[in-house]
Amino acid sequence: MPDSLPRATLEGPVLALDLGGTNARAAVVTADGRVHFRRAGPTPMGEGRQAVLEFCLGLLRGARAAHIAAGAPHPVAVGIAAPGPLYADRGTLIDPPNLGGEWWGFPLAPTIGEALGLPWALGKDTNVNILAERDFGAGEGSADLVYLTISTGIGGAVISGGRPIVGPDGVAGELGHMTVDMDGPRCGCGGVGHLEAVASGTGIANAAREALERGADAPHLASLAATIAPRGLSARHVSEAADLGDAVAGVILERARRAVAVAVVSIVNVFGPDMVILGGGITLAWGERLMAPAREAVATSAFRIQGQRARVVPAALGDDVGLIGTVPLVASALPGLVVGG
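Note that the structure is predicted; figures quoted are calculated from it, not measured.

1. A word on the pairing of strand 3 (residues 35-42)
Now for step 1: Bridge count between strand 2 (residues 23-29) and strand 3: 6 bridges; the pairing is antiparallel. Bridge pairing in strand 3 places V28 opposite H36.
Now for step 2: With antiparallel pairing between neighbouring strands as the criterion, strand 2 and strand 3 make up a hairpin whose turn holds 5 residues, including G33 at a positive phi of roughly 85°.

2. Remarks on the packing of aromatic side chains
Now for step 1: Taken as a whole and judged by the stated rule, the model has 1 aromatic pair.
Now for step 2: Measuring from ring centre to ring centre gives 5.7 Å for W103 and F106, while their planes differ by 90°; the resulting arrangement is edge-to-face.
Now for step 3: W103 sits in the buried class, given a relative accessible area of 1%.
Now for step 4: Between the NZ or CZ atom of R257 and the centre of the ring of W286, over which it lies, the distance is 5.4 Å.

3. Comments concerning the pattern of salt bridges
Now for step 1: Overall, the coordinates contain 13 salt bridges when judged by the stated rule.
Now for step 2: Across the salt bridge formed by R309 and D274, the nearest N and O atoms sit 2.9 Å from each other. Of this pair, R309 sits in helix 11 (residues 304-309) while D274 sits in the loop between helix 8 (247-271) and strand 11 (275-279); the two residues are 35 residues apart in sequence, bridging distant segments of the chain.
Now for step 3: For R295, the salt bridge is made with E288, and the minimal N-O distance between the two is 2.8 Å.
Now for step 4: Note on E288: relative accessible area 46%, which makes it partly exposed.
Now for step 5: Sharing partners across several salt bridges, the network here consists of R209, E210 and E213.

4. Details of the side chain of D320
Now for step 1: On the secondary structure map, D320 appears in the loop between strand 12 (311-314) and helix 12 (321-324).
Now for step 2: Setting aside its immediate chain neighbours within four residues, D320 contacts V35 and R38.

5. A look at the nonpolar core
Now for step 1: Among the nonpolar cores identified, the biggest contains 45 residues, and L148, L195, I204, L221, V238 and V264 are the most heavily contacted of them.
Now for step 2: Considering each element in turn, this core owes the most residues, 13 residues, to helix 8.
Now for step 3: For V264, the contacting residues outside a window of four places in its chain are V276, L278, A294, V298 and V312.
Now for step 4: In terms of nonpolar packing, the next biggest core, distinct from the first, is built from 32 residues, V128, F136, I324 and L337 among them.

6. Describing the sheet that holds strand 7 (residues 120-124)
Now for step 1: Within the open sheet, the 5 strands sit side by side as 3-2-1-4-7. Their pairing is mixed. The open sheet is flanked by strand 3 and strand 7, the only strands paired with a single partner. Neighbour to neighbour, the strand axes of the sheet diverge by 15° on average, direction disregarded.
Now for step 2: When strand 4 (residues 77-82) meets strand 7, the two strands line up parallel, connected through 5 bridges. Residue pairing across strands places G79 opposite A121, the latter belonging to strand 7.
Now for step 3: In the packing of helix 2 (residues 108-116) onto the sheet, the strands contacted are strand 1 (14-19), strand 4 and strand 7, and the crossing angle to strand 4 comes to about 150°.

Each value, and the rule that gives it
- Residues numbered from 1 in each chain as written.
- Predicted model: local features only at pLDDT ≥ 70, side-chain atom pairs only at ≥ 80, totals over all residues.
- Heavy atoms only, no water.
- Pairing = 2+ DSSP bridges.
- Helix = DSSP H or I, 4+ residues; strand = E, 2+ residues; numbered from the N terminus.
- Phe/Tyr/Trp six-rings, centres within 6.5 Å; stacked < 30°, edge-to-face > 60°.
- Buried < 20%, exposed > 50% of the residue type's maximum accessible area, 1.4 Å probe, protein only.
- Lys NZ or Arg CZ within 6 Å of the ring centre and 35° of its normal.
- Salt bridge = Lys/Arg side-chain N within 4 Å of Asp/Glu carboxyl O.
- Contact = heavy atoms within 4.5 Å.
- Core = buried A, V, L, I, M, F, W, Y, C linked by side-chain atoms within 4.5 Å.
- Axes fitted to C-alpha atoms, helices over the stretch in contact; angles between N-to-C directions.

So, in structure tokens, the structure goes:
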């Protein structure tokens, strides 16, 4: 196993933005990964791109002003984690499905950097997250790890030999779109049987809705659906129904857990990492109910050498992971800001 690359030290803190389709977070993050003067709120996607930009800039300016008022050093750069796919070197979004067409082709990082008067670095959210977990979290000290986040959607990232695997176009690592069921449901991307279509929050909710539409005998699901109408069922509702003994909900969740386990075995066989880090809201909610089947599948189904090496572990950094990861992101993208760089 290659040794982990030494952690670079920046000349000053990073002004960080973690932009999501549901929430946005900003903070000042120091070189040791500590988060200061965090600001957050729901992303006003329904109000258009300019409103979102102004909202994010307000968060960033508020965090920077509070940091400076405390007598701390000025941030040396703005680091941005955003939904992919994107061109990190250009600072431009490509066609992120979670943000909508108004954002496609938009130069997000240069726009924010110019408004703040700072150099910028942009990374796909999962690529930024894995940098955070590598340098400050569950993967600290490892040069070979895979990060899989299971939430509303499913995303992932890979580091091998200390280096992120992003491919020649910078967009590789879409682990949520591995096929786990050739005859499975259609994914939001248009593919069939992808991990995201089976095991994400969206996929679980879709499976429950389709079961009710088929007239399945699912009394607890049906009762919850009637209670919250006209809103649709979520993965949380499916979990509640399963806990109440709804057999259909139980089958949906078991299928999701098996899909994650199958995917983790494939990840271990293909990449041979020291660890697979599972994060995201569903992982947090299910805990060992998700982790244990994945560990068992690796122990019984992965190739011997890879399976003996790999550990399946929970993510350690919680909601701040996208903020913390901007420190190694900036260090990699802007080496002139690294001490001795």
